[in-house]
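Here are the chains, one letter per residue:
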Amino acid sequence: AQTVTQSQPEMSVQEAETVTLSCTYDTSESDYYLFWYKQPPSRQMILVIRQEAYKQQNATENRFSVNFQKAAKSFSLKISDSQLGDAAMYFCAYRFYYGGSQGNLIFGKGTKLSVKP
Amino acid sequence: GAGVSQTPSNKVTEKGKYVELRCDPISGHTALYWYRQSLGQGPEFLIYFQGTGAADDSGLPNDRFFAVRPEGSVSTLKIQRTERGDSAVYLCASSLASGYNEQFFGPGTRLTVL
């Protein structure tokens, strides 16, 4: 069974600085998707960034980028120029590539990010 | 276009009661997922609908939990004989199709069982 592990329950970063959130996962599949979701106190899950496992190039979305190490099964999120609005719970998630009956997301336990002004 | 909506936002009930939680997905989205998020945990999969049928209900914890999606749009998660351990945030997500890789989440329903 696939599992996702986030080993940092809480992280803190100074405004305008850079922070990296860690995620490791376990799967025997070669094709899959990985995601980072942000969950503010409003509870609404917001997709931050996604990575297809077959792509070697790391995904980037504005201030958010990932370091995807397929062999090591590691998928970290880097937030550059941190802003107060980045404060939230961040969840790493895995999804089987072909969807269908295995299209559900498998989440880690989350990392609570605090941003200090 | 509206996003995924869920009602009620909060629900407080007593142990042993029956509750219904509603999810209204994005129009045109055929795939619908229910997740349960306990305090301090990540969401856990409960059930997946493709159209009107439950394609995968392997995440439902026991037979007190049941979900329907009769017309392929709105879904209702039903919990019978609620227990205190059912207290959690119940999240609904929809996507264009099951193979589509982005799921759009609703704000969730916080269920508290006293």
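To be clear, the structure that these remarks concern was listed above.
In this text, all values refer to a predicted model and were calculated from it rather than measured experimentally.

### Some points on the overall build of chain B
Piece 1. If you tally the helices and strands in chain B, you get zero helices and 11 strands.
Piece 2. Each helix and strand of chain B, placed in order from N terminus to C terminus, yields the pattern β-β-β-β-β-β-β-β-β-β-β.
Piece 3. Here the C-alpha coordinates of chain B stretch approximately 35 × 25 × 25 Å along the principal axes.
Piece 4. Looking at the 114 residues of chain B, the share that counts as buried comes to 46%.
Piece 5. Look at the contacts in chain B between residues 6 or more apart in sequence, and 54% of them connect residues 24 or more apart.
Piece 6. Carbon and sulfur atoms make up 48% of the accessible area of chain B, which totals about 5200 Å².

### A look at the interface of chain B and chain A
Piece 1. With 27 residues of chain B at the interface, the matching set in chain A holds 23 residues.
Piece 2. Summing both sides of the interface, chain B and chain A together bury roughly 1900 Å²; the carbon and sulfur share of this comes to 45%.
Piece 3. In this assembly, chain B and chain A are joined by one salt bridge.
Piece 4. Of the charged contacts, one joins E102 of chain B and R50 of chain A as a salt bridge, the two residues approaching to 3.3 Å between their closest N and O atoms.
Piece 5. Applying the counting criterion to the chain B and chain A interface returns eight residue pairs in polar contact (both at pLDDT 80 or more).
Piece 6. Elements with a contribution of two residues or more to the side of chain B that touches chain A: β4 (31–37), β5 (44–50), β6 (53–56), β9 (88–95) and β11 (109–113) of chain B.
Piece 7. The dominant element in the side of chain B that touches chain A, judged by the number of residues it contributes, is β4 of chain B, at three residues.
Piece 8. Partitioned by chemical class, the residues of the side of chain B that touches chain A number 11 nonpolar, 13 polar and three charged.

### Focus on the packing of aromatic side chains
All names here are of chain B.
Piece 1. With the rule as written, the count across this model stands at 15 aromatic pairs over all chains.
Piece 2. Between the aromatic rings of Y33 and Y48, the centroid separation amounts to 4.9 Å while the plane-to-plane angle is 20°, which identifies the pairing as stacked. Of this pair, Y33 sits in strand β4 while Y48 sits in strand β5, placing them 15 residues apart in sequence. Neither Y33 nor Y48 differs from the other in exposure class; each is buried.

### With respect to the pattern of salt bridges
All names here are of chain B.
Piece 1. Taken as a whole and judged by the stated rule, the model has seven salt bridges over all chains.
Piece 2. As a salt-bridge pair, R64 and D86 come within 2.8 Å of each other at their nearest N and O atoms. With R64 in the loop between β6 and β7 (65–68) and D86 in the loop between β8 (75–79) and β9, the pair connects residues that are 22 residues apart, well separated along the chain.
Piece 3. Taking relative accessible area as the criterion, R64 reaches 6% and is therefore assigned buried.
Piece 4. The class of D86 is buried, set by a relative accessible area of 3%.

### Observations concerning the environment of A67 of chain B
Piece 1. Structurally, A67 of chain B is set in strand β7.
Piece 2. Remark: the alpha-carbon pair of A67 of chain B and L32 of chain B, spanning 35 residues in sequence, is separated by 11 Å.

### Thoughts on the state of the cysteines
Piece 1. According to the stated counting rule, one finds two disulfides over all chains in the structure shown.
Piece 2. Between C23 of chain A and C92 of chain A runs a disulfide, and the two sulfur atoms are separated by 2.0 Å. Given an S-S torsion of about -70°, the disulfide between C23 of chain A and C92 of chain A has left-handed geometry. In this pair, C23 of chain A sits in the loop between β3 (19–21) and β4 (24–26) while C92 of chain A sits in strand β10 (residues 88–96), placing the two residues 69 residues apart along the sequence. Summarising the burial analysis for this pair, C23 of chain A and C92 of chain A share the class buried.
Piece 3. Between the sulfur of C23 of chain B and that of C92 of chain B lies a disulfide, 1.8 Å long from S to S. Taking the sign of the S-S torsion, about -65° here, the bridge from C23 of chain B to C92 of chain B comes out left-handed. Placement of the pair is C23 of chain B in strand β3 (residues 19–24) and C92 of chain B in strand β9, with a sequence separation of 69 residues.

Scoring rules and cut-offs
Residues numbered from 1 in each chain as written. Chains lettered and ligands numbered in written order. Predicted model: local features only at pLDDT ≥ 70, side-chain atom pairs only at ≥ 80, totals over all residues. Heavy atoms only, no water. Helix = DSSP H or I, 4+ residues; strand = E, 2+ residues; numbered from the N terminus. Buried < 20%, exposed > 50% of the residue type's maximum accessible area, 1.4 Å probe, protein only. Contact = heavy atoms within 4.5 Å. Areas by Shrake-Rupley, 256 points an atom, 1.4 Å probe, with all protein chains shown as cover. Buried area = accessible area lost by both parts, 1.4 Å probe. Salt bridge = Lys/Arg side-chain N within 4 Å of Asp/Glu carboxyl O. Polar contact = N/O pair within 3.5 Å; in protein donor to acceptor, adjacent residues only side chain to side chain. Nonpolar A, V, L, I, M, F, W, Y, C, P; charged D, E, K, R; others polar. Phe/Tyr/Trp six-rings, centres within 6.5 Å; stacked < 30°, edge-to-face > 60°. Disulfide = S-S within 2.5 Å.

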